Each structure stands twice: as structure tokens, then as C-alpha cells.
Amino acid sequence: MHFEPAGEWIVELKELQTRRAHARAMGGADALAKFKASGRMNARERIASLLDEDSFRELGQIAGKGHYTSEGVFDRLDPTNTIIGTGRIEGSKVALHVDDFTIRAGSSEATIADKWIYIERMAHQLRMPLVRLVDSAGGSVKLLMQLGGTKIPEYPSWPANALLDTVPVAAVALGACVGQGAVKVLSSHFSVMVREQAQVMAAGPHVVQQAYGQTIDKNDLGGHKVHRKSALVHNEAENEPDALAQVRRFLSYLPRSVFHLAPTMPADDDPQRADDWLKDAIPHDRRKIYDPRKILVSVMDQGSIFEIGRWQGGSVITALARLNGVPVGVIANDPKVQGGAMTLQAAYKMERHVKLCSQFGLPVVNFVDQPGNQTGLEAELDGTLLGATRVSEALHQCRSPWVSIIVRRCFGMAGALHAPKYGEALNLRFAWPSARWGSIPIEGGVMAAHKAEITAAADPAAKRAELEAHYLNMTSPFRTAEKFGILDIVDPRETRTILCDWIEDAWERVKTDRLR
């Protein structure tokens, strides 16, 4: 909206227009041209790409450093390098905290902390999701010149943790996110970084060189390949539009705050749809693997799966999806990675997903094929059992309605972590005919229990196979169903319709919980 300066206040209105123009100029024509030449969108282009068209309402636009003539007349404005405001994504309000790298590389030297803290306080108090677009080189020693001294590093009025307890927070790493910039990325429910463009790190290569005498490239120090292993950042993006699209997608499953319901969508996929190939989705040969993502695509609403943490803790898949239009959290084991075992990273990944779903009222569907905790020296050095224990704690505190579909294995301590089942938690679980469970897998258990007998046999391999066959006959899921140790054994092709029926009641539970 634009008005021409007029009336008795024309001088002041012209000055307001001038100040706004200086703010929109950001770091200036040369800095913007240099930034564009690097193949990146500037801060305002990123905002336009993220939000619904013409929905951005900027706040604190003319904050910065004013310059005046000797007579005290306004000359020009150096804007702060943080842009804040509110806008809409698919019609829903969000708060924005955006770094402008064209002004002193997004450094805290050229910002006013009160400005970005204000929008985060506003998001917290008005209970709206917050999106941070982070592109900040971090602190600068030049800040000492401005302050005339040092300060203890803290932002006591920044409600970082209160935000995480109240509203969805998403963060995008778009460049070098160092120090406080890294904290802004990591202090979120969902984070994504642009491959080969973004880095998230405590300090940059120059500081590392001075501290440790190590010469290292910034991508090798904090790029996406590093955080595939560290699991600090949830997702990767091919480019900036992809990263921003992922944020839009993530928020589409979540409520405005913990006091609101997540948005449902009109059901456009038949709840009775049954893909015939599911009957053979699990190979009859127990040594063969399968693709769990293909099963998820078949069972959940078509086109609704949004995976989180694809490149970390790969033995477990975590995702958001929909069932008959209702948003749900999804967990599934992937036998293609570590056999689907519970590794330390997989435990961390599962724990954070359970907490996300519990906090924002998303029912959970778990497709279980869990052979147990990872074993061996590396697993013990990593402290894998501690990670599994933390999963147990998260499950115990989980408030989400939960259903488990045991598709193949469910063994040991990790197998026991397939669902909340303490207190009032209803242990709602179904199994496919391919399911097997117990305290230990038959293959390893037979060798452990009958080692002497197998070793002494004329044909150890044949004896071992004989014993395994004997025990396997006793592990039929139908024997457990006879004792009502499992709710039901189901034809895999029935899974979608069972889940679509369940989600109706699960969603009623979520709605009544949110009304308390």
C-alpha cells in the first residue's frame, strides 16, 4: 500500500518514505549485485518466495543508524541487517525473523538485538509459528568499538525455550550460520540447510585455525555432509526454493500453537483403497529386505508423506503424513540400514519425533520391524542403550494416540519401544502374518543357547537349521493372537482401511484434549 505525501505533514511523510526506501535498499546496489552473482536470493526475495503473495507486514522497518547534517537534518539511514514481520503461508499467520547478509554479512555488529527478540517474543505471546531465515556470519570484534567494551554473552529477554514449548519453530540455514546464527538454526522443531551453500558451526575456519592450528574448508567443517552424521540439522535442500518449500510443507501439518488443533484437509483418497501388492510386500524369505517407504506410500494418503531426517539415523524413518485428511506422525524401521536396528542416531531421531507429535497433538502410526538394539563395540562406545532409554522416557510422556503395525520383527528392549504402554496408554497394535517377536531373534538365540550341541554335531550347519526351524514354528504370530497378546493379525491389504477408521477416533481424542 502506497500513499503520496500530502497535507500539513508532507515534510515528515516524505522523510518516512525516504527512510523506508533506504531500508528497502538493504546493503546497497553493489552489495546486492554481488550477492545475486553468487546465485542466491536476497533477504526480501526469500521472504517473497516463502510467504503468500503480498502478505508480508514488516515491523521495525526503519530501525538502524541514522545520519544527520550539522544542522540536525536527516541525511540517510543505515538499516539493521535483520528484517522482521508477519505474513501468511497457505493463509495461516507466521512470524518472520530474517537475516540480511548484504549488510556486514549478517553480523551482530550491524543489528539491533531488541528488534529480532521482539518478533520472537511476539510469536510466543500471540501464539503463532516462527520462521527464521538464517544467514549470519556471527559475532564480530568490531562490536567492541560500538559498545566501548565487552558484555557477558546473553539475551535474557529472548524466549527461545518458551517458544519451543508453545509454537512451531522452523529455521533455514541459507549461508554461514556461525555462533548465535547456528543456535538460531538448531533451536527449532524443524531445520533445513541448503547443500553446498549453508554451513552450521560453532565457529568458522579462521577461529578454528587460531584455536587448533587446523586448516579446514567451511563445508568440511559445518556443511550438509557433516550434519548428515551429526543430526543437528533435520533436512537438506537442493537449493533455496526447495528449502523454503520444505518449511511451507512442514508447517502445513502443524497447529498454530500447542493450544490449537493441527489443520485437517478434505479427504481425497479413498479410505477403502487396498493395493493388492501389499500381500507380498514382506518377502517370505527372512533374509531378504524390502522398501518400507513403498509401504508408507501405499497406506498413507497419496502424496502426503513429508520425511524428516532422511540422511541421519537411517535405520528408522520419521515423517509427517495424513490419514483421511488428518495429519499424523509416522515412524517406520528400515531394514536396508543397519538391519533396522536401534542405533544411537536412530534413537535420537525417534525421540525427537515422538516429542514433536506429542507436543502438537499429532496421532502416531508406527510400522515396526525392529531386530533390537545395535550391538558390538562401536554401539557400546556410542552409548546406544542410553539413547534407547531416552526413547523409553519420551514414549512414557507421549500424549498422542498411537497405533503400531508390526510388519516383521519386534525383538528385545528396542522392540519393546514400539509404543507407549504404561499408565492409561492403550497398547493398540496389529500385526501382519509376516510378524515375529520375542526377547531375541531366533538366528542369534539358537546359536547362543545350543552352541555346544551345534558344534558337536556331525553337520553343524544342518543341526543349526533343524533347531531354527523347530523354534520358528513356535514363533507364529497366530499363537500370540490365540492368547490375545496382539489385538489382531490382519491382511496387509486391510491396513489402510483399519488406520483410516482408527484416525477418526484418535482425532476426537486429540480435539477433546486440546479443549481442556
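Fair warning: this is a prediction, and the values are worked out from it, not measured in the lab. Position numbers for residues count from 1 along each chain, tracking the sequence in the order it is written. Totals for whole chains, interfaces and linings use every residue, but because this is a predicted model, local features are given only for residues with pLDDT of at least 70 and side-chain atom pairs only at 80 or more, for both listing and counting. As a rule here, side-chain values cover all heavy atoms of the structure and leave hydrogens and water aside.

Draft legend 1. How the structure looks around the overall build of the protein. Here a strand is any run of E in DSSP of at least two residues, a helix any run of H or I of at least four, and the numbering for each starts at the N terminus. Along its length, the protein carries 21 helices and 19 strands. With the principal axes as the frame, the protein shows a C-alpha extent of 105 × 55 × 40 Å. Exposed residues in this analysis have more than 50% of their type's maximum accessible area, buried residues have under 20%, and partly exposed residues fall in between, with area computed by a 1.4 Å probe over protein chains only. By residue count, 49% of the 516 residues in the protein fall in the buried class. Contacts are residue-level and defined by heavy atoms, with any inter-residue pair within 4.5 Å sufficient. Across the protein, the fraction of contacts at a sequence separation of at least 24, relative to all contacts at a separation of at least 6, is 73%. Entry remark: accessible area of the protein is about 25,500 Å², with carbon and sulfur atoms responsible for 54%. Averaging the coordinates of the 61 positive side-chain charges in the protein and doing the same for the 61 negative ones gives two points 2 Å apart. For the area figures, the Shrake-Rupley method with a 1.4 Å probe applies, and any residue is considered shielded solely by the protein chains shown. For the purpose of counting charges, residues Lys and Arg are taken to be positive, whereas Asp and Glu are taken to be negative. His and the chain ends are not included. To locate a charge, take NZ of a lysine, CZ of an arginine, CG of an aspartate or CD of a glutamate.

Draft legend 2. Layout of the side chain of T495. Along the chain, T495 falls in helix α21 (residues 495–514). Whenever two N or O atoms come within 3.5 Å, that pair is a polar contact, provided that in protein one can donate a hydrogen and the other can accept it, and provided that, for residues adjacent in sequence, both atoms are side-chain atoms. A polar contact of 2.7 Å, which involves the side chain of T495, links it to the backbone oxygen of P492. Other than its neighbours up to four places away in sequence, T495 contacts V299, F367, I405 and W432.

Draft legend 3. Region of the structure containing the environment of V194. Along the polypeptide, V194 turns up in strand β9 (residues 190–194). For V194, a relative accessible area of 1% translates into the label buried. Separated by 44 residues in the primary sequence, V194 and E238 place their C-alpha atoms 6.0 Å from one another. In this structure V194 touches A173, L174, A237, E238, N239, E240 and A243, once residues within four positions along its chain are discounted.

Draft legend 4. Expanded view of the pairing of strand β6 (residues 130–134). Most of β6 sits out of view: five of its five residues are buried. Burial of the side chains of β6 extends over both faces: L130, R132 and V134 are buried on one face and V131 and L133 on the other. Two strands are said to pair when DSSP picks up at least two bridges between them. Relative to β6, strand β5 (residues 92–99) runs parallel, the two being bridged by four bridges. Bridged to A95 within β6 is L130.

Draft legend 5. Spotlight on the sheet that holds strand β11 (residues 235–237). In space, the seven strands of this open sheet follow the order β1-β4-β5-β6-β7-β9-β11, with mixed pairing throughout. Single-partner strands in this sheet number two, and they are β1 (57–59) and β11. Within the sheet, the average angular offset between the axes of one strand and its neighbour, ignoring direction, is 20°. Across three bridges, the pairing between β1 and strand β4 (residues 82–89) is antiparallel. Counterpart to L59 in the pairing with β4 is I84. Docked against the sheet, helix α3 (residues 43–50) engages β1, β4, β5 and β6, running at close to 160° with respect to β5. To get an axis, fit a line to the C-alpha atoms, keeping to the stretch in contact for a helix; angles then go from 0 to 180 degrees between the N-to-C directions. Relative to β9, helix α11 (residues 240–251) is tilted by about 170°, and along the sheet it contacts β4, β5, β6, β7 (169–173), β9 and β11.

Draft legend 6. View of unusual backbone geometry. Phi at E90 is positive, roughly 50°, even though this residue is not glycine. The residue E90 is located in the loop between β4 and β5 in this model. Residue E90 is classed as exposed on the basis of its relative accessible area of 61%.

Draft legend 7. Structural context of the pairing of strand β3 (residues 74–79). When strand β2 (residues 64–68) meets β3, the two strands line up antiparallel, connected through five bridges. Bridged to G66 within β3 is L77. Linking β2 back to β3 in an antiparallel pair, the connection comprises five residues, with G72 at a positive phi of about 85°.

Draft legend 8. Structural view of the state of the cysteines. We call a pair of cysteine sulfur atoms a disulfide when they lie within 2.5 Å. Tallied over the entire structure, the rule returns zero disulfides. Unpaired in terms of disulfides, C500 finds its nearest cysteine sulfur in C357, a separation of 17 Å. On the accessibility criterion, C500 (5% relative accessible area) is buried.

Draft legend 9. Inspection of helix α13 (residues 344–360) at higher detail. Over its 17 residues, α13 runs 25 Å from end to end, which matches the ideal 24 Å to within 8%, given 1.5 Å per residue. The element α13 is largely enclosed, with a buried count of twelve among its 17 residues. Every buried residue of α13 is accounted for by A346, A347, K349, M350, E351, R352, H353, V354, L356, C357, S358 and F360. G361 occupies a position one or two residues after α13 and carries a positive phi of about 70°. By this rule the span expected of a helix is its residue count minus one, scaled by 1.5 Å.

Draft legend 10. The arrangement of the packing of aromatic side chains in detail. Centre distance within 6.5 Å is the pairing criterion for rings of Phe, Tyr and Trp, where only the six-membered ring of Trp is used; planes under 30 degrees apart are then read as stacked, over 60 as edge-to-face, and the remainder as tilted. Following the criterion strictly, the structure yields six aromatic pairs and no others. Judged by centre distance (4.7 Å) and plane angle (15°), the rings of F190 and F250 are stacked. Placement of F190 in strand β9 and of F250 in helix α11 is noted, with a sequence separation of 60 residues between them. Accessibility assignment for this pair places F190 and F250 in one class, buried. Through a chain of ring-to-ring contacts, three or more aromatic side chains come together here, namely F190, F250, Y253 and F306. Sitting over a ring, as applied to charges here, requires NZ of Lys or CZ of Arg to be within 6 Å of the ring centre and within 35 degrees of the ring normal. Note that R19 overlies the ring of F74, its terminal NZ or CZ placed 4.0 Å from the centroid. The ring of W311 has R310 lying over it, and the distance from NZ or CZ to the ring centre is 4.9 Å.

The values reported here are purely geometric and, on their own, carry no functional implication.
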